[in-house]
Amino acid sequence: MASLFKLQLHASKWLGRKCPQNYIIKNPWFGSLILAIIVAAFMIIYKPLGVHASHKFSFEATMVLYCLAVAIPVAFGIKILKVIPQFSNAKEWTIKKELVAIAIILLLMGAIVYFAAFFIEEPSDRWNLKTLINSYVRTLLGVGIPFLLFSLINAPYWYLPETMLAEETHSKPIERNQNPNELINIESKLKKEKLNFFQKELLYVASQGNYVTFYLLKEGKIIKAVIRNSINDIGQQLSKYPRIMRVHRAFIVNVDMVKSMKGNSLGYSLRIIGVDEEIPVSRKNTEAFRTQFKS
């Protein structure tokens, strides 16, 4: 009994884990259209499950009609589902809500296929339990599995530790203790090229092939300075400055100039003061960056 209780507790906790919505649930119209195109193409190319043309239309037209007959009502159904309070808040989405929503949508799909066949196929001898069950089986295999694949995109949220996946967003400026007026000298592989700037002026550095671009904030204006060098060499020259970090294979940032970050331990995206472009933080650098950002 104790083991059963623990199993139930674990299952309840797992079902309550937060996760992103299935793409089709999040974007009903566009998602349903994508699903219809994928399923129609699959049916037309491979002709699985013994599917066949109707007596009125060609095989290709029959498959397209079935897919549209499912996609349009399902999009409406998802819209209605998201009006219900339990399914309305995407930020409070959980594995349990995902599974229940998918079950409801699959039930709706099967019913639509069953009734659509009265118009697309020969209507005689279809009003029976066997045909209804057959409609649900074909719907699950033909449409349900592709639909479920959109949920599997978010599979890491289903099994990775929550501490790794909790999204973090920070925007409040944090006081720093380092000397922002320290002058930094950068040397290029070309002896004649040198670059000098104060630490407080550096926003970020971006790699572009054999060249590196420094984005500097001088007198309220963002200035670009390009020198010929590798970002690996630049990273070594800047390694003695803890607040200047390599966060990605192509980016180095001044942590003091980061105004916000969002994401989780699978990767962050940063907003730099005065810059529209978001700077990515690769997974292997998330912990080190978070430590510096919060320190």
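In the block above lies the structure referred to throughout.
Presented here is a report on the structure given in the accompanying data block. (Residues numbered from 1 in each chain as written. Predicted model: local features only at pLDDT ≥ 70, side-chain atom pairs only at ≥ 80, totals over all residues. Heavy atoms only, no water.)

Description of the environment of Ser207
Selection criterion: Think of it this way: any DSSP run of H or I at least four residues long counts as a helix, any run of E at least two long counts as a strand, and we number them from the N terminus. Exposed residues in this analysis have more than 50% of their type's maximum accessible area, buried residues have under 20%, and partly exposed residues fall in between, with area computed by a 1.4 Å probe over protein chains only. In what follows, residue pairs with any heavy atoms lying within 4.5 Å of each other are defined as contacts.
The residue Ser207 is located in strand E4 (residues 202-208) in this model. Of the residues examined, Ser207 reaches a relative accessible area of 23% and is grouped as partly exposed. Considered as a pair, Ser207 and Asn229 are 22 residues apart in the sequence and their alpha carbons are 8.9 Å apart. Ser207 has contacts with Ile231 and Ala250, leaving out every residue within four places of it along the chain.

Some thoughts on the pairing of strand E6 (residues 221-228)
Remark: a regular strand shows side chains that alternate across the two faces of the sheet. Here is the rule we go by: Strands were regarded as paired on the criterion that DSSP finds at least two bridges between them.
Pairing of strand E5 (residues 211-218) with E6, which is carried by 8 bridges, proceeds in the antiparallel orientation. Looking across to E6, one finds that Leu216 is bridged to Ile223. With antiparallel pairing between neighbouring strands as the criterion, E5 and E6 make up a hairpin whose turn holds 2 residues, including Glu219 at a positive phi of roughly 50°.

Some points on unusual backbone geometry
For Lys47, which is not glycine, the phi torsion reads 50° and is therefore positive. Locating Lys47 in the fold gives a position in the loop between helix H3 (28-46) and helix H4 (59-81). Here the phi dihedral of Glu219 falls at roughly 50°; this positive angle occurs in a residue that is not glycine. Here Glu219 lies in the loop between E5 and E6. Judged by its relative accessible area of 83%, Glu219 falls in the exposed class.

A look at H4
Rules: To estimate how far a helix should extend, the number of its residues minus one is multiplied by 1.5 Å.
Given a rise of 1.5 Å per residue, 23 residues ought to cover 33 Å, and the 33 Å separating the end C-alpha atoms of H4 matches this to within 8%. Taken together, the buried positions of H4 are Phe59, Thr62, Met63, Tyr66, Cys67, Val70, Ala71, Val74, Ala75, Ile78 and Leu81. Packed against the buried residues of H4 are helix H2 (23-26), H3, helix H5 (85-88), helix H6 (95-120) and helix H7 (129-152).

Considering H3
Turn by turn, an α-helix covers 3.6 residues, leaving residues three or four places apart pointing in a common direction. The following threshold applies: Of all possible arcs, the one meant is that of the directions from the helix axis to the C-beta atoms.
With 19 residues, H3 ought to run about 27 Å at 1.5 Å a step, and its terminal C-alpha atoms sit 26 Å apart, in line with that. Of the positions making up H3, those classed as buried are Pro28, Gly31, Ser32, Leu35, Ala36, Val39, Ala40 and Met43. Each buried residue of H3 lies within a common arc of 160° when the element is viewed along its axis, so the set occupies one face. Residues of H3 that are exposed and point more than 90 degrees away from the buried face comprise Ile37 and Ile45. Check the buried side of H3 and you find it contacts H2, H4, H6 and H7.

Quick word on the sheet that holds E6
By definition, the strands of a sheet pair up through backbone hydrogen bonds, in either a parallel or an antiparallel sense. Which entries qualify depends on this criterion: To get an axis, fit a line to the C-alpha atoms, keeping to the stretch in contact for a helix; angles then go from 0 to 180 degrees between the N-to-C directions.
Ordered by their spatial adjacency, 5 strands build an open sheet running E6-E5-E4-E8-E7, and the pairing between neighbours is antiparallel. Among the strands making up the open sheet, the edge pair consists of E6 and strand E7 (244-248). Neighbour-to-neighbour, the strand axes of the sheet open up by a mean angle of 20°, direction not taken into account. Two elements, E4 and E5, share 6 bridges in a ladder whose sense is antiparallel.

Description of the packing of H3 against H4
Stated precisely, the cut-off is as follows: Angle categories are assigned with fixed cut-offs, so that under 35 degrees is roughly parallel, over 145 is roughly antiparallel, 65 to 115 is roughly perpendicular, and the rest are oblique. Each crossing gets its handedness from the near helix: less than a right angle anticlockwise from the far helix is left-handed, clockwise is right-handed. Polar here means any residue outside two lists: the nonpolar Ala, Val, Leu, Ile, Met, Phe, Trp, Tyr, Cys and Pro, and the charged Asp, Glu, Lys and Arg; Gly therefore counts as polar.
Contact geometry for H3 and H4: axes closest at 9 Å, N-to-C directions at 155°. Taken together, the axes of H3 and H4 lie roughly antiparallel to each other. Pair H3 / H4 crosses with right-handed handedness. On H4, the residues that touch Pro28, Trp29, Ser32, Ala36, Val39, Ala40, Met43 and Ile44 of H3 are Phe59, Glu60, Met63, Val64, Cys67, Ala71, Ile72, Val74, Ala75, Phe76, Ile78 and Lys79. Class assignment for the residues of the contact of H3 with H4 results in 17 nonpolar, 1 polar and 2 charged.

Regarding the packing of aromatic side chains
Inclusion rule: Under the pairing criterion, centres of Phe, Tyr and Trp rings, with the six-membered ring standing for Trp, must be within 6.5 Å; the plane angle then separates stacked pairs below 30 degrees from edge-to-face pairs above 60, leaving the rest tilted. Charge-over-ring placement is defined geometrically: NZ (Lys) or CZ (Arg) within 6 Å of the ring centre, and within 35 degrees of the ring normal.
On inspection of all chains with the given rule, the structure shows 15 aromatic pairs. Each member of the aromatic cluster is reached from another via a ring pair, and the members are Tyr114, Phe115, Phe118 and Trp127. Above the face of the Phe59 ring, Lys47 is positioned so that its terminal group lies 5.0 Å from the ring centre.

Regarding the packing of H4 against H6
Viewed as axis vectors pointing N to C, H4 and H6 meet at an angle of 140°, and their least axial separation amounts to 9 Å. As summarised for this structure, H4 and H6 are arranged oblique, according to the angle between their axes. Crossing handedness for the pair H4 and H6: right-handed. Along the contact surface, H4 presents Thr62, Leu65, Tyr66, Ala69, Val70, Pro73, Val74, Gly77, Ile78 and Leu81, while H6 presents Ala101, Ile104, Ile105, Leu108, Met109, Ile112, Val113, Ala116, Ala117 and Ile120. Taken together, the residues of the contact of H4 with H6 break down into 18 nonpolar, 2 polar and no charged.

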